Amino acid sequence: MGKIKKALITGITGQDGSYLSEFLLKKNYQVYGLVRRVALEDESHRLWRIKHILKKIKLNSASLESYASIVKIIQKIKPDEIYHLGAQSYVAYSFEDEFSTLNTNINGTHYILSAIKDFSPKSKFYFAGSSEMFGKVQKNKQDEKTRFYPRSAYGISKVAGFELTRNYREAYKIFACTGILFNHESPRRGFEFVTRKISSSVAKIKLGKQKTLQLGNIYAKRDWGHAKDYVEAMWLMLQQKKPEDFVIGTGKMHSVKDFAKLAFSIVGLNYKKYIRFNKNLLRPSEVDTLKANYNKAKKNLKWKPKTNFTQLVKEMVKEDLNFFK
Ligand code: NAP
Ligand code: G4F
């Protein structure tokens, strides 16, 4: 039997962190998580996505805002692979607090890369890049060569993280790569994101616990996939011979309105009766459309999405019906 690999995940309490942990445990990894100290003090609320695997993983408290706390963990564990998923990930909030979004997202990434260089240069590094980097899209379908045009502090922070990752790879020969992931959702998605806001509202409306659903720009279009499919792509990137960046998506695009229409229809309701426009939910600058060209991942990683749009919406609505019953 080969040596047991060690993986360190930042953002392990989030949607992707939880699926990635399950995936790596199945592959017999020892999984370590970097979590905020407050999370350990409030397990029932903050660790809900990983409570079923808590006995199998090792959590360490640290802050993405503190270089010293990150160094301690990386120096101690010397992970084979580091998946840096921790971030202020809510785009709308990044307009309200640009400073902390840039701080956590850019410095956090820089601290980890710098700690790898000085204390664990053999660790392979995955950075959670985002299709938000494409922002005001410069091409109908976006691939690894498409020019970035971020439209929020969040998008800007991810472009900075992408460039830091590239530069550490080139300057210090660290095995570092960025996954440019398009929107991915699941029943574990945070309630503030539009898909979960819709699926949870549909469930509550069906159960008589809510009357209407307020939305902003329902004409925005996204390339939505399932988070469970996407964590496999993260792992595949770190198993390649050379570190490279990859776009991950489905290549299909739907509007927020399409999502709502389908979600309501699944429970036999007409979305038109329940949706209310709220102008306060519009963003100062919007990303209108996003659609992935993931040909490079298909060819080099042999990766493709397993879940289609209808299956994703059905799963989310069904799980929320159970959740709110
Ligand atoms: P998520 O559910 O919002 O999880 C974010 C994670 O980051 C949580 O574990 C959170 O911890 C942690 N975090 C936030 N601020 C932190 C801080 N200051 N110090 C330490 N940890 C902090 O996000 P996700 O959907 O799983 O996404 C994972 C990563 O992929 C993020 O970097 C996101 O920006 C990126 N991404 C996501 C998508 C998508 O569609 N889901 C697409 C492209 C890129 P707490 O539990 O303590 O808050
Ligand atoms: O669900 P959203 O908040 O996701 P957004 O902004 O696309 O960001 C997500 O995907 C990115 C990848 O492209 C990630 F990097 C990021 O971390 C995050 O996971 O909004 C989707 C769309 C937007 O155009 C928004 O304006 O839905 C529109 N929308 C309309 N009404 C709404 C609402 N969004 C939210 N959150 N809430 C609404 O009521």
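The rules we used
Residues numbered from 1 in each chain as written. Chains lettered and ligands numbered in written order. Predicted model: local features only at pLDDT ≥ 70, side-chain atom pairs only at ≥ 80, totals over all residues. Heavy atoms only, no water. Salt bridge = Lys/Arg side-chain N within 4 Å of Asp/Glu carboxyl O. Helix = DSSP H or I, 4+ residues; strand = E, 2+ residues; numbered from the N terminus. Near = heavy atom within 4 Å. Polar contact = N/O pair within 3.5 Å; in protein donor to acceptor, adjacent residues only side chain to side chain. Areas by Shrake-Rupley, 256 points an atom, 1.4 Å probe, with all protein chains shown as cover. Nonpolar A, V, L, I, M, F, W, Y, C, P; charged D, E, K, R; others polar. Buried < 20%, exposed > 50% of the residue type's maximum accessible area, 1.4 Å probe, protein only. Pairing = 2+ DSSP bridges. Domains from an automatic or database assignment. Contact = heavy atoms within 4.5 Å. Buried area = accessible area lost by both parts, 1.4 Å probe. 1 Å grid on protein atoms, 1.4 Å probe; cavity = no way out; pocket = protein on both sides within 12 Å on 5 of 7 lines; lining within 4 Å. Points joined across faces, edges and corners; volume = space filled by probe spheres on them. Axes fitted to C-alpha atoms, helices over the stretch in contact; angles between N-to-C directions. Parallel < 35°, antiparallel > 145°, perpendicular 65-115°, else oblique. Left-handed = near helix turned anticlockwise from the far one by under 90°.

Asker: Quick question: what am I supposed to make of the pattern of salt bridges here?
Answerer: What the rule picks out here adds up to 15 salt bridges. The partner of arginine 196 in a salt bridge is aspartate 320, with the nearest N and O atoms 2.8 Å apart. Highlighted residues: arginine 196 in helix α8 (residues 194-206) and aspartate 320 in helix α12 (residues 309-324), separated in sequence by 124 residues. Each of Glu132, Arg222 and Glu286 takes part in a single network of salt bridges with overlapping partners.

Asker: What is the right way to read the site of ligand 1 from this model?
Answerer: Residues in close proximity to ligand 1 total 24 residues, the closest being Thr13, Asp16, Leu85, Ser89 and Tyr154. Within the contact set of ligand 1, an oxygen atom lies 2.8 Å away from a backbone nitrogen or oxygen of leucine 85. A distance of 2.6 Å is found between an oxygen atom of ligand 1 and a side-chain nitrogen or oxygen belonging to tyrosine 154. Relative to its free-state accessible area of 890 Å², ligand 1 is covered by the protein chains to the extent of 89%. Looking at the shell around ligand 1, the elements with two or more residues in it are α1 (15-26), β5 (124-130) and α7 (153-172). The greatest single-element share of the shell around ligand 1, amounting to three residues, is contributed by β5. The class makeup of the residues in the shell around ligand 1 is seven nonpolar, eleven polar and six charged.

Asker: Got a minute to help me understand the pairing of strand β4 (residues 81-84) in this structure?
Answerer: Moving residue by residue along a regular strand, the side chains alternate between the two faces of the sheet. Both faces of β4 are covered, namely the face carrying Glu81 and Tyr83 and the face carrying Ile82 and His84. As defined by bridge partners, β4 adjoins β5 across four bridges and the pair is classed as parallel. By the bridge assignment, tyrosine 83 is partnered in β5 with tyrosine 126.

Asker: In this structure, what is going on with the domain arrangement of the chain? I would like to understand it.
Answerer: Often the size quoted for an interface is simply the accessible area lost on bringing the parts together. The domain boundaries assigned to the chain delineate domain 1 (6-184 + 224-248) and domain 2 (189-222 + 252-289 + 307-324). Counting from both sides, the interface comprises 18 residues of domain 1 and, opposite them, 23 residues of domain 2. Here domain 1 meets domain 2 over a buried area of about 1,900 Å², counting both sides, of which 56% is carbon and sulfur. At the surface where domain 1 touches domain 2, the tally comes to one salt bridge. Our enumeration of links across domain 1 and domain 2 arrives at five residue pairs in polar contact (both at pLDDT 80 or more). If you list the elements that add at least two residues to the side of domain 1 that touches domain 2, you get α5 (91-96) and β10 (225-226). Among the elements that make up the side of domain 1 that touches domain 2, the one with the highest residue count is α5 (three residues). Grouping the constituent residues of the side of domain 1 that touches domain 2 by class yields seven nonpolar, seven polar and four charged.

Asker: For this particular structure, what's the right way to read the layout of surface pockets?
Answerer: Take a probe with the size of a water molecule and roll it over the atoms, and the empty space left behind shows itself. Put simply, the second largest pocket is a space of about 320 Å³. Ranked by residues supplied to the lining of the second largest pocket, first place goes to α12 with four residues. Looking at the lining of the second largest pocket residue by residue, the classes come out as four nonpolar, two polar and eight charged. Two domains share the lining of the second largest pocket, each providing at least three of its residues, namely domain 1 (6-184 + 224-248) and domain 2 (189-222 + 252-289 + 307-324).

Asker: Explain the site of ligand 2 here, please?
Answerer: As a structural note, the neighbourhood of ligand 2 is formed by 24 residues, with Ser89, Ser130, Ser131, Tyr154 and Arg283 the closest of them. Within the backbone of serine 89, a nitrogen or oxygen atom sits 2.6 Å from an oxygen atom of ligand 2. At 2.9 Å, a backbone N or O of glutamate 192 approaches a nitrogen atom of ligand 2. Breaking the shell around ligand 2 down by element, the ones donating at least two residues are α8 and β8 (213-215). The two domains that each donate at least three residues to the shell around ligand 2 are domain 1 (6-184 + 224-248) and domain 2 (189-222 + 252-289 + 307-324).

Asker: Quick question: what am I supposed to make of the packing of α8 against helix α10 (residues 256-266) here?
Answerer: Between two packed helices, both the angle of their axes relative to each other and the distance between the axes serve to describe the pair. Relative orientation of the contacting elements α8 and α10 amounts to 25 degrees, with a least axis distance of 10 Å. Classed by the angle they form, the pair α8 and α10 counts as roughly parallel. The interaxial crossing formed by α8 with α10 has right-handed handedness. Packed against α8, whose contacting residues are Val194, Thr195, Ile198, Val202 and Ile205, the element α10 presents Val256, Phe259, Ala260, Ala263 and Phe264 at the interface. Residue classes in the contact of α8 with α10 are distributed as nine nonpolar, one polar and no charged.

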